[in-house]
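Structure at a glance
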Amino acid sequence: MAKEQATSITHIEDDRFKVTEWRFAAGAETGWHVHGHDYVIVPLTDGTLGLDVPDGAPFTAALTQGVPYSRREGVHHNVTNAGTQPLAFLEIETVADAVTHRRRDTLVRFMAAWNARDVDALMACMAADCVFHASAGPEAEGRRFIGRDAVRASYSAMFDSFPQAAWTADSHTVAGDTGLSEWRFVGTDKSGKTVDVQGCDIFRFDVDLIALKDSYRKNRS
Ligand code: NI
């Protein structure tokens, strides 16, 4: 006979946390699942969990009301109420890592668009209100291009200036609202001069898209 399913209520779901209340009648189960995020369990009742795991014998774990525990992303199990009374807990998942993964994907797509010389694909990575600070220029920020039209024109001008260009050895990191792409630029300009320098971009995000690209590169001498 199929076991009764545990029931869930989502209390919070935003860009940082998902908080779910789980309630189990005696013998009810969640079904098999894999946790996609790090999480904390806060028992709302005392109880006994029965845990089925893919590689190992089933086991039980005591829940104590108000005593939390934490687990890492990737846990794979089926959870059953192994006691005789109803039990409940809050599950608090840290979903901010999902935002970080999406932002990093944007940086990888952005770099691919540079190498594909695809201005539409570049602009698809930029937020509605976007700004580009070029590495060279008269201002403390370099040269500022403000708004989609100005940013697009500056990216097109870059491709015009360098008929051949490649961004290689790239790596991408996201921490909070800040992104970092490191790269080595090797290009040949219209006069036939080769430029080969390392540099980086510091990014600010608007949700998953780039609100600011702030460029820096080595000045070979
Ligand atoms: Ni679970």
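The text that follows walks through the structure, step by step, so that each part is easy to find. (Residues numbered from 1 in each chain as written. Predicted model: local features only at pLDDT ≥ 70, side-chain atom pairs only at ≥ 80, totals over all residues. Heavy atoms only, no water.)

As a further point, take the packing of aromatic side chains. Counted under the stated rule, the structure contains 11 aromatic pairs. Chaining the aromatic ring pairs together yields one cluster made of Phe110, Trp114, Phe132, Phe145, Tyr155, Phe159, Phe162, Trp167, Phe185 and Phe203. (Phe/Tyr/Trp six-rings, centres within 6.5 Å; stacked < 30°, edge-to-face > 60°.)

With that out of the way, let us pick up the pattern of salt bridges. With the rule as written, the count across this model stands at 8 salt bridges. Of the charged contacts, one joins Glu139 and Arg144 as a salt bridge, the two residues approaching to 3.1 Å between their closest N and O atoms. Residue Arg144 is classed as partly exposed on the basis of its relative accessible area of 39%. (Salt bridge = Lys/Arg side-chain N within 4 Å of Asp/Glu carboxyl O. Buried < 20%, exposed > 50% of the residue type's maximum accessible area, 1.4 Å probe, protein only.)

Right, let's talk about the packing of helix α1 (residues 96–116) against helix α3 (residues 148–161) for a bit. One can describe the packing of α1 onto α3 by two numbers: an axis separation of 11 Å at closest approach and a directional angle of 45 degrees. Taken together, the axes of α1 and α3 are oblique relative to one another. Side by side, α1 and α3 meet where Phe110, Ala113 and Trp114 of the first sit next to Tyr155, Met158 and Phe159 of the second. Classifying every residue of the contact of α1 with α3 by side-chain character gives 6 nonpolar, no polar and no charged. (Axes fitted to C-alpha atoms, helices over the stretch in contact; angles between N-to-C directions. Helix = DSSP H or I, 4+ residues; strand = E, 2+ residues; numbered from the N terminus. Parallel < 35°, antiparallel > 145°, perpendicular 65-115°, else oblique. Contact = heavy atoms within 4.5 Å. Nonpolar A, V, L, I, M, F, W, Y, C, P; charged D, E, K, R; others polar.)

Listed as protein donors to the nickel ion are His33 (NE2), His35 (NE2) and His77 (NE2); their distances from the metal cover 2.0 to 2.1 Å. Each donor residue of the nickel ion belongs to the same chain, with the gaps between them written as H-x1-H-x41-H. Taken together, the positions of His33 in strand β3 (residues 33–34) and His77 in strand β8 (residues 76–81) put the pair 44 residues apart, joining distant regions of the chain. Assessed through its relative accessible area of 24%, His33 is described here as partly exposed. Overall, His77 belongs to the buried group, its relative accessible area being 10%. (Donors = N, O, S within 2.8 Å, 3.2 Å for Na, K, Ca; no water.)

This paragraph deals with the pairing of strand β10 (residues 126–139). The sheet contact formed by β10 and strand β15 (residues 209–217) spans 4 bridges and is parallel. Its bridge partner lying in β15, Val131 is registered against Leu212. For β10 and strand β11 (residues 142–146), the ladder comprises 5 bridges, and the chain directions are antiparallel. Each residue of the ladder has a partner; that of Ala134, found in β11, is Arg143. (Pairing = 2+ DSSP bridges.)

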